[in-house]
Amino acid sequence: MEEKLTYKGAGVDTKEGGRAVELMKDHVKRTFNHNVLTGLGSFGSLYKLNLENIKEPVLVSGTDGVGTKLKIAFLMDKHDTVGQDCVAMCINDIICQGAAPMFFLDYIATGKVQAEKIADVVKGIADGCVIGECSLIGGETAEMPAFYDDEEYDIAGFAVGIVDRDKIIDGSSISEGDMVVGLTSSGIHSNGYSLVRKIFFEKLDMDVADYIDEIGMTVGEALLAPTRIYVKPFKAVQEKYDIKGIVHITGGGFYENIPRIIPEGLGVDIQAGTWEVPPVFKYMKEKGNIDAREMFSTFNMGIGMMLIVKPEDMEGVVRTLEAKGETPSVIGRVVKGEGVRIIRNGEVI
């Protein structure tokens, strides 16, 4: 008798997908607040807007993924942190417009659903949502055999925040003399990993388990450190001060991200040496034989977010951030001109 074809026989196991949902339920529920009106399993996700003290609400959205940093998670078989990276890449962007994140949705695609692995990914997403004070209200897990390898997956996210129109931060009020306050990163974050992998795994022929004395941890630990989420320090400062501009240092480093918010006719001088560059960047620069400009063009170099503030507000902003456990640094100034200059000992890099 001719064999009957089934969806499972074609490589899609809906029962395993259902088991993954059961395993992730508790992770998702701990992100809920009173504005979430639906549970898991609905076709659409409902979220009630809280418009208290908001005269003219504007929604701010962002979407992003984790990129080739996922390759490190595969090598380490550790999947409970990359979800935070996905959340961070989305909500760090929307706070740059002055918006408070409200909710997040995820999309996970894989060659073969393995319930525990997917649940670990969602745990990281939920961790990021808790840190970012937003709710994980929906998502999709797509099993795509023959499209992805069985052991691999990709993650994308989508976040929505809200801001009163007269409180939107767009950089338009930035003027000469304004100061740049930098917030520390947790390491490489989620950008530049094609170059990172080339340095460690091709040029240096290292393994994720190799310990690096100069960094004080293994290769895998250094490369998989999750991206910082800046919602709490942002909210603390926003409540007290007029933040003129916010920069999330992602792909393109300092040279491409800072100009995105600077008005025409102005530039920014960054003083190298005003903050401590994490050892992982120093190690990559030396061992990878990478010049300084390329490092600042590709990586965050220890500064994950920048705030542009009035000179008279600078000390208060720094004190407020320190009270929240941050270690901010005053790293630069807005000047006449165009573009970004990184200056070390009086010389432009």
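Structural data are supplied above this passage.
Along each chain, residues carry numbers from 1 onward, in the same order as the chain's sequence is written. Totals for whole chains, interfaces and linings use every residue, but because this is a predicted model, local features are given only for residues with pLDDT of at least 70 and side-chain atom pairs only at 80 or more, for both listing and counting. The basis for the side-chain values is all heavy atoms of the structure; hydrogens and waters are excluded.

Starting at the N terminus, helices and strands are each numbered in turn, a helix being any DSSP run of H or I of at least four residues and a strand any DSSP run of E of at least two. A tally of regular secondary structure across the protein gives 11 helices and 13 strands. For a compact globule of 349 residues, the expected C-alpha radius of gyration is about 20 Å, and the protein comes in at 22 Å, within 12% of that figure. In terms of its C-alpha atoms, the protein occupies a principal-axis envelope of roughly 80 × 55 × 35 Å. For every residue, the accessible area (1.4 Å probe, protein chains only) is compared with the maximum for its type, and the residue is labelled buried under 20%, exposed over 50%, or partly exposed between those bounds. Across the 349 residues that make up the protein, the buried fraction comes to 52%. All accessible-area figures derive from a Shrake-Rupley calculation using a 1.4 Å probe, and residue coverage is judged against the displayed protein chains alone. Here the protein has roughly 16,600 Å² of accessible surface; of this, 49% comes from carbon and sulfur atoms. All tallies of charge rest on Lys and Arg as positive and Asp and Glu as negative; His and the ends of each chain are not included. Think of each charge as sitting on NZ of Lys, CZ of Arg, CG of Asp or CD of Glu. The distance from the centre of the 37 positive side-chain charges to the centre of the 53 negative ones in the protein is 3 Å. The size measure is the radius of gyration over C-alpha atoms, and the globule rule it meets is 2.2 Å times the number of residues to the 0.38 power.

Spatially, β1-β4-β2-β3 is the arrangement adopted by the four strands of the open sheet, whose pairing is mixed. Of all the strands in the sheet, the pair left with one neighbour each is β1 (57-65) and β3 (135-143). Neighbouring strand axes in the sheet, compared pairwise and without regard to direction, differ in orientation by 15° on average. Pairing between strand β2 (residues 100-110) and strand β4 (residues 153-164): 10 bridges, direction antiparallel. Looking at β4, one finds that F104 is bridged to A159. Two strands qualify as a pair provided DSSP detects at least 2 bridges between them. Between the N-to-C directions of two axes lies an angle of 0 to 180 degrees, each axis being a line fitted to C-alpha atoms and, for a helix, fitted only over the stretch in contact.

Before going further, it helps to spend a moment on the sheet that holds strand β13 (residues 347-348). Within the open sheet, the seven strands sit side by side as β8-β10-β5-β11-β9-β12-β13. Their pairing is mixed. The open sheet has two edge strands, β8 (245-248) and β13, and neither has a second partner. The sheet contact formed by β8 and strand β10 (residues 303-309) spans four bridges and is antiparallel. In the strand pairing of β10, V247 is matched with M306. Running over the sheet, helix α3 (residues 82-95) touches β8 and β10 and is turned about 165° from β8. Whether two residues are in contact is decided by their heavy atoms: any pair within 4.5 Å suffices. On top of the sheet, helix α11 (residues 314-323) reaches β5 (179-184), β10 and β11 (329-336); it is set at about 10° to β5, its chief contact.

Running from amino to carboxyl end, helix α7 (residues 231-238) crosses α11 at an angle of 135°, the nearest separation of the two axes being 9 Å. Here α7 is positioned oblique relative to α11, judged by the angle of their axes. Of the two possible hands of crossing, α7 and α11 adopt the one that is right-handed. Note on element contacts: α11 touches α7 through V317, T320 and L321, opposite P233, A236 and V237. By the definition adopted for this analysis, an angle is roughly parallel if under 35 degrees, roughly antiparallel if over 145, roughly perpendicular if from 65 to 115, and oblique otherwise. By convention, the crossing between two helices is left-handed when the near helix turns anticlockwise from the far helix through less than a right angle, and right-handed when the turn is clockwise.

Next up on the list: the environment of E116. Looking at the element boundaries, E116 is found in helix α4 (residues 115-131). With 39 residues separating them in the primary sequence, E116 and I155 have C-alpha atoms 16 Å apart. Excluding anything up to four places from it in sequence, E116 contacts R19 and L23.

Bringing the side chain of H248 into the picture now. Relative to the helices and strands, H248 resides in strand β8. By relative accessible area, which is 5% here, H248 ends up buried.

Okay, the environment of A109 next. For A109, the location among the structural elements is in strand β2. Given the relative accessible area of 1%, A109 is considered buried. Here A109 is in contact with A142, M144, Y148, E152, Y153 and D154, once residues within four sequence places are set aside.

The next point concerns the pairing of β3. Along a regular strand, successive side chains alternate from one face of the sheet to the other. Here β2 pairs with β3 via eight bridges, running parallel. From the neighbouring strand, Y107 faces β3, where its bridge partner is E140. With strands facing away from the observer, any crossover in which the path from the first strand over the helix to the second runs clockwise is taken as right-handed. Running through α4, the crossover from β2 to the neighbouring parallel element β3 is right-handed.

Quick look at α11 now. Among the residues of α11, those classed as buried are M314, G316, V317, V318, T320 and L321. Against β5, α7, β10 and β11 lie the buried residues of α11. Just past α11, the residue G325 takes up positive phi, approximately 85°.

Any Lys or Arg side-chain nitrogen found within 4 Å of a carboxyl oxygen on Asp or Glu counts as a salt bridge. All chains considered together, the criterion is met by 19 salt bridges. With its nearest N and O atoms 3.2 Å apart, the salt bridge here joins E151 to K117. Here E151, found in the loop between β3 and β4, pairs with K117, found in helix α4; they are 34 residues apart in sequence, far enough to count as distant. In this structure K117 comes out as buried when scored by relative accessible area, which is 12%.

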